[in-house]
Amino acid sequence: MGMQAKKGADSLSRRSLPLRYGVAVASVALATGLKLLLDPLLLQQSPFLLLAGAVMVAAWFGGLGPGLVATALGALSADYFYLAPVGSFTGPVGAGFWLQVLFVLQGVLITALAQALHLARQRAEKSTLAVKRHQEELAGRERELHDLVGRLIVAQEEERRRVAYEVHDGFTQMAAAAYRRLALFAEHRLPEAAQDRKELEDAIALVQRTVGEARRIIANLRPTTLDDFGLATAVRMQVEELRSEDFDASYEETLGKERLPATLETSLFRVIQEALANVRKHAQTARVHVALGRYDGLVRLEVRDWGHGFDAAEVRRGGGPGERVGVSSMRERIALLGGSLEIRSEPGTGTSVVAEVPLPVTTGEEGIGGK
Ligand SMILES: Nc1ncnc2c1ncn2[C@@H]1O[C@H](COP(=O)(O)OP(=O)(O)O)[C@@H](O)[C@H]1O
Ligand SMILES: [Mg+2]
């Protein structure tokens, strides 16, 4: 049957009952007529061969009922038109009767086979449908998850901004005020005793470091450099911070003058930040290279270290809740931008994190982390 099965119904049940039985009757009539027509040519040829063909057509096209009807009609037609005396029904006598019985058995067998095939096909069609529905469901869930991750990232970015402002406006201001007071005090009323002076100077240094630390925390939570001067500068500051920690850190930047969309800047910055945090935490090397460039319609970043590397497959397996989310969050951020992230690492040779993100044609400002 050349027809393609459509959704929701198999080929058999889509055909109407009259059509199925009509085809059964018509194919028997055709076989009978054909035999009558060909008789002068095919002398003595049994009529049952053509009639068996008619039963096949009927059973295949119409299923169980039409197959049986064609079998019964075929038997009657053979009796009437071919078995002596021709032109009347003979009934259960003579050799012709046994031929008829044989034909009926054959017809039932053919019909049963065709029916079994139909049922098997029905089952196959049903399971194909079920698989399709499953796939659609899965795709839907994946979309939802993707969506959720996007919103989580936005929420996280907002929360960081909020905490950064809070630390800046409350904690840092107070610590800075404390530092100024202590410094003034030291200027005007420096203690006589050397021991006391040292105590005071230590306290002042400590408060000063507290202020510095708070500023560092704020900068990491929401780097104002990123908002004010853009990605290239914000990353440069990260690299400089690494250098101040005695890293041999190189930086290659070919982003050009034009700012990237805020969404992109935030995400790329966070990816670089996490990659560098991993170098600090895990790589056990002092050599790191950061590259950031704009090419034909895309931005490419690379963070490479010459540390001891790791086995990506092993890492994927381990980690409790809240642990080892760095790599997956990098992946999610880049995926949300429609880009690709590749982490190449081999124990002993170091690690490279490479991300490529397509540049949007219009510089849309809304979305993840954008302000
Ligand atoms: N640059 C790197 N050098 C060596 N190992 C790394 C590096 N980056 C990541 N890893 C390995 O991959 C793991 C997963 O990293 P990540 O998802 O960021 O989680 P976390 O940093 O919290 O452990 C790390 O625990 C570490 O074993
Ligand atoms: Mg990490």
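Residues numbered from 1 in each chain as written. Chains lettered and ligands numbered in written order. Predicted model: local features only at pLDDT ≥ 70, side-chain atom pairs only at ≥ 80, totals over all residues.

A. Examining the packing of helix α7 (residues 231-244) against helix α8 (residues 262-283) more closely. Direction vectors running N to C along α7 and α8 enclose 15 degrees, while the axes themselves pass 10 Å from each other. The angle between the axes of α7 and α8 places the two elements in the roughly parallel class. Seen from above, α7 lies across α8 with right-handed handedness. Packed against α7, whose contacting residues are L231, A234, V235, Q238 and L242, the element α8 presents E265, L268, F269, I272, Q273 and L276 at the interface. Partitioning the contact of α7 with α8 into residue classes produces eight nonpolar, two polar and one charged. (Axes fitted to C-alpha atoms, helices over the stretch in contact; angles between N-to-C directions. Helix = DSSP H or I, 4+ residues; strand = E, 2+ residues; numbered from the N terminus. Parallel < 35°, antiparallel > 145°, perpendicular 65-115°, else oblique. Left-handed = near helix turned anticlockwise from the far one by under 90°. Contact = placed C-beta atoms within 7 Å. Nonpolar A, V, L, I, M, F, W, Y, C, P; charged D, E, K, R; others polar.)

B. Summary view of the site of ligand 1. Around ligand 1, the surrounding shell holds 16 residues, and the nearest of these are N278, H282, R324, G326 and V327. Those elements that place two or more of their residues in the shell around ligand 1 are α8 and α10 (326-336). Take the shell around ligand 1: its biggest share by element is five residues, from α8. (Near = placed C-beta within 6 Å.)

C. Representation of unusual backbone geometry. Located in the positive-phi region is D246, a residue other than glycine, with phi close to 70 degrees. Take D246: it is sitting in the loop between α7 and β1 (248-254). On the neighbour-count criterion, D246 (8 C-beta atoms within 10 Å) is exposed. Positive phi, normally seen in glycine, also occurs at Q284, with a value near 55 degrees. (Buried ≥ 20, exposed ≤ 12 C-beta atoms within 10 Å, placed from the backbone.)

D. Local environment of the nonpolar core. One finds L268, V271, I272, A275 and L301 to be the most contacted residues of the largest nonpolar core, which totals 28 residues. Counting only elements with at least two residues in this core, the list comes to α7, α8, β2 (287-295), β3 (298-305), α10 and β5 (350-358). The element contributing the most residues to this core is α8, with nine residues. Contacts of A275, omitting those with residues within four sequence positions, involve V303, M330 and V353. By size, the runner-up hydrophobic cluster in this structure holds 22 residues, among which are A54, V55, F61 and V69. (Core = buried A, V, L, I, M, F, W, Y, C linked by C-beta atoms within 7 Å.)

E. Fine view of the confidence of the model for the chain. Per-residue confidence for the chain gives a mean pLDDT of 87, with 91% of residues at or over 70. Of all secondary-structure elements in the chain, the lowest mean pLDDT belongs to helix α9 (residues 312-317), at 72, while β3 reaches the highest, 97. Confidence drops under a pLDDT of 50 for residues 1-8, and excluding neighbours within four residues, the segment shows six contacts in the predicted structure. A low-confidence stretch, residues 363-371 (pLDDT under 50), is modelled with 25 contacts involving residues beyond four sequence positions or located in other chains. (pLDDT = per-residue confidence, 0-100.)

F. The arrangement of the pairing of β2 in detail. Here β1 runs beside β2; their pairing, made up of seven bridges, is parallel. Bridge pairing links Y251 to V290 in β2. Sheet topology places β2 next to β3; eight bridges connect them, and they run antiparallel. Counted as the bridge partner of A291 is E302 from β3. Two successive antiparallel strands, β2 and β3, enclose a turn made up of two residues, where G297 displays a positive phi of approximately 80 degrees. (Pairing = 2+ DSSP bridges.)

G. Local environment of the sheet that holds β1. Across the sheet, which stays open at both edges, the five strands sit in the order β1-β2-β3-β5-β4 with mixed pairing between neighbours. Single-partner strands in this sheet number two, and they are β1 and β4 (340-346). Pairs of neighbouring strands in the sheet enclose a mean axial angle of 5 degrees, with direction left out of account. Inspection of the sheet shows β3 paired to β5 by eight bridges, in the antiparallel sense. Directly across from D305, in β5, lies its bridge partner T351. Along the sheet, α8 contacts β2, β3 and β5; its crossing angle with β3, the most-contacted strand, is approximately 10 degrees. Strands β4 and β5 of the sheet are contacted by α10, whose axis makes an angle of about 150 degrees with β4.

H. Quick peek at the environment of E241. With respect to the helices, strands and loops of the structure, E241 is situated in helix α7. The class for E241 is partly exposed, based on 15 C-beta atoms found within 10 Å. C-alpha separation for the pair E241 and L138, spaced 103 residues apart in sequence, amounts to 44 Å.

I. Summary view of the packing of helix α4 (residues 94-188) against helix α5 (residues 194-221). For the pair α4 and α5, the least separation of the axes is 9 Å and the interaxial angle reads 160 degrees. Taken together, the axes of α4 and α5 are roughly antiparallel relative to one another. Pair α4 / α5 crosses with left-handed handedness. Of the residues assigned to the contact of α4 with α5, the class counts are 20 nonpolar, four polar and two charged.

J. Fine view of α10. M330, R333 and I334 are the residues of α10 that are buried. Angular distribution of buried residues about the axis of α10 spans 95 degrees; they occupy a single face of the element. Structurally, α10 contributes buried residues whose contacts are with α4, α8, β4 and β5. Directly beyond the C-terminal end of α10, a positive phi value near 75 degrees is found at G338. (Arc of directions from axis to C-beta.)

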